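Chains, contacts and geometry: an overview
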Amino acid sequence: MFTLVVHEDTGVEDLSLRQVRDLYAGKITNWSQVKGNDVPVHLVSRNPGSGTRTTLERQVLDGRPLPAVTTPDCAGLDRDRPGRCEVGGTGTLLDTVASTPGALGHSEVGAAAARDDVRQIRIDGYPATLEGADEGAYPYWQTEIAYTYGEPPADSVAAGFLRYLADEVGKDIVRSKGHRPCAELDKPLLCRPDGAAGGP
């Protein structure tokens, strides 16, 4: 499960899906345009290849790519003008959003929830929860899939790990981190790899 996060000075806690798309399309450039504070929008994104970024583009932005980077270094964002920068990891993204006025970024829910210096954004009134994803109302989630190269030998570490994920202890750990095993979904067959619909 993923979430959008903002710097606290944005004055925003809830955005419609249309507003999120307009922010990333550059149609909304100041938070006052969405009933927030008069602060320019600064988009802080993960580098290409990041799971949170790929899911944002596919599930939230309807397949549209992020706009061009305006500065290669987030410290170089012009505080008086909208812009976009990229960072390598979730921790760096959250640090950058927390320290950059007007910043909007994306993160795994668990990492964002552990921080008190960024604000999670609801989308169309729905927070980043399994219930919202189950109802089809919260769009920012993706199925996580474990792959092996062929069938792993029964006594291998890989096979042991997969058995662990499928047993009750492993499922309890998955649930404790805010996720749900695919087998517990109403439609478990929707859990399949490569861009197909899946469970949170």
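Just so we're clear, the structure is a prediction, and the values are computed from it rather than from any experiment. (Residues numbered from 1 in each chain as written. Predicted model: local features only at pLDDT ≥ 70, side-chain atom pairs only at ≥ 80, totals over all residues. Heavy atoms only, no water.)

**What about the sheet that holds strand S1 (residues 2-6)?**
The strand order across the open sheet built from 6 strands is S2-S6-S1-S5-S3-S4, with neighbouring strands paired in mixed fashion. Only two strands of the sheet have a single partner each, and these edge strands are strand S2 (14-15) and strand S4 (83-87). As paired strands, strand S3 (residues 42-46) and strand S5 (residues 103-108) are joined by 2 bridges and run parallel to one another. Bridge pairing in S5 places His42 opposite Ala103. Lying over the sheet, helix H2 (residues 51-60) contacts S1, S3, S4 and S5, oriented at roughly 110 degrees with respect to S5. (Pairing = 2+ DSSP bridges. Helix = DSSP H or I, 4+ residues; strand = E, 2+ residues; numbered from the N terminus. Contact = heavy atoms within 4.5 Å. Axes fitted to C-alpha atoms, helices over the stretch in contact; angles between N-to-C directions.)

**Overview of the nonpolar core**
Among the nonpolar cores identified, the biggest contains 30 residues, and Met1, Leu4, Leu15, Tyr24, Trp31, Leu56 and Leu104 are the most heavily contacted of them. Listing elements by their share of this core, those giving two or more residues are S1, helix H1 (17-25), H2, strand S6 (119-123) and helix H5 (130-134). Top contributing element to this core by residue count: H1, with 4 residues. Core analysis: the next-biggest nonpolar cluster, separate from the first, contains 13 residues, Val5, Leu77, Val87 and Val118 among them. (Core = buried A, V, L, I, M, F, W, Y, C linked by side-chain atoms within 4.5 Å. Buried < 20%, exposed > 50% of the residue type's maximum accessible area, 1.4 Å probe, protein only.)

**Re the pattern of salt bridges**
Counted under the stated rule, the structure contains 9 salt bridges. Asp117 is the partner of Arg115 in a salt bridge, and the nearest nitrogen-oxygen pair spans 3.0 Å. We classify Asp117 as partly exposed; its relative accessible area is 28%. If you follow the salt bridges from partner to partner, you end up with Arg53, Glu57, Arg84 and Glu86 in one network. (Salt bridge = Lys/Arg side-chain N within 4 Å of Asp/Glu carboxyl O.)

**Quick look at the confidence of the model for the protein**
On average, residues of the protein score 88 in pLDDT, and 91% of them reach the 70 mark or higher. Throughout residues 194-200 the model reports pLDDT below 50, and contacts reaching past four residues in sequence, or to other chains, amount to 21 contacts. (pLDDT = per-residue confidence, 0-100.)

**Description of the state of the cysteines**
Within the structure shown, the criterion is met by 1 disulfide. Across the disulfide from Cys74 sits Cys85; the S-S distance is 1.9 Å. Sign of the S-S torsion, about 100 degrees for the bond between Cys74 and Cys85, identifies this disulfide as right-handed. Within this pair, whereas Cys74 is found in the loop between H2 and S4, its partner Cys85 is found in strand S4, the two being separated by 11 residues in sequence. Across the pair, Cys85 and Cys74 agree in class, each one buried. (Disulfide = S-S within 2.5 Å.)

**A closer look at helix H3 (residues 90-99)**
Here H3 has its buried residues at Thr90, Leu93, Leu94, Thr96, Val97 and Ala98. For H3, the secondary structure elements touched by its buried residues are S1, S3, S4, S5 and helix H4 (109-113).

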